[in-house]
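# Breakdown of the fold
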Amino acid sequence: MKFIHTADWQIGMKAAHVGAAGKAVREARLYTVLTIVTLAQENHADFILVAGDTFENNSIDRLQVQKVADILSKTQIPVFILPGNHDPLVPGSVWEHPAWKTCDNVHILIEREPIEIPGGIILYPCPVLQKYSRKDPTTWIEKSREDRIRIGIAHGTVEGVHQDEPDYPIPRHAAERCGLDYLALGHWHSTTTYEDSSGCVRMAY
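Our subject in this report is the structure included herewith. Since the model is a prediction, treat every value here as computed from it, not as a measurement.

### Some remarks on the side chain of Gln10
Mapping Gln10 onto the fold places it in the loop between β1 (3-6) and α1 (22-42). The class for Gln10 is buried, based on a relative accessible area of 6%. Of note is the side chain of Gln10, whose polar atom sits 2.8 Å from the side chain of His189. Dropping the residues within four chain positions of it, Gln10 is found in contact with Arg29, Asp53, Thr54, Phe55, Glu56, His86 and His189.

What follows is the structure, encoded as structure tokens:
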């Protein structure tokens, strides 16, 4: 099994801090989405996981939503997208855009319930329903002894990351506690891995 784990594209961001270069930044982010799709195809990935904050917010230009949907639909590889704290699953969100209904390979993760993926894999999504929360989004995942590969996808802050107030806090042992083989994370714009008690990486941004 091979998959791509990505997050925090924040398509549609104004990028006001770079002034006139803002347009170029927005276009580069869309180009990056195309690059991810291309890499997935070249490396024969079984699926793509997008762990939240696909869009900058729920009020972005809907043309940007259509552009992302068009890019993702260029491949037959399944794409699983999690609503994050920038684009939470609320009334009027980007996830209600009709473009998603025309992308047979794109799955918006709107429910906290297991999803079976071909190849003996179970995906446990933790969609974000509001911008801020002090609750661990992974608590609903129950440990199981079944033999299938168990992958979680969540958006939040792993214990130990400094911040003034808890924001979707996720324990460092969340993958072990939930019996997951891997927990794909989004929210912090960096690559960080977390080992379990045996020294195996089970969680990563």
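Moving on from the model shown.
### A closer look at the environment of Leu82
Position of Leu82 relative to the elements: it lies in the loop between β3 (79-81) and β4 (106-108). As for Leu82 and Ala40, which are separated by 42 residues in sequence, their C-alpha atoms are 18 Å apart. Sequence-distant contacts of Leu82, defined by excluding residues within four places in its chain, comprise Val50, Ala51, Gly52, Asp53, Leu109, Pro125, Cys126, Pro127, Ile153, Ala154 and His155.

### Here's the deal with the layout of surface pockets
Roughly 250 Å³ of volume is contained in the largest pocket. If you go around the largest pocket, you meet 14 residues; those closest to its centre are Gly12, Met13, Arg26, Asp61 and Gln64. Counting residues per element, the ones that place at least two in the lining of the largest pocket are α1 and α2 (62-72). Looking at the lining of the largest pocket, the element that brings in the most residues is α1, giving 4 residues. Considering only residue class, the lining of the largest pocket consists of 3 nonpolar, 4 polar and 7 charged.

The rules behind the values
- Residues numbered from 1 in each chain as written.
- Predicted model: local features only at pLDDT ≥ 70, side-chain atom pairs only at ≥ 80, totals over all residues.
- Heavy atoms only, no water.
- Helix = DSSP H or I, 4+ residues; strand = E, 2+ residues; numbered from the N terminus.
- Buried < 20%, exposed > 50% of the residue type's maximum accessible area, 1.4 Å probe, protein only.
- Polar contact = N/O pair within 3.5 Å; in protein donor to acceptor, adjacent residues only side chain to side chain.
- Contact = heavy atoms within 4.5 Å.
- 1 Å grid on protein atoms, 1.4 Å probe; cavity = no way out; pocket = protein on both sides within 12 Å on 5 of 7 lines; lining within 4 Å.
- Points joined across faces, edges and corners; volume = space filled by probe spheres on them.
- Nonpolar A, V, L, I, M, F, W, Y, C, P; charged D, E, K, R; others polar.

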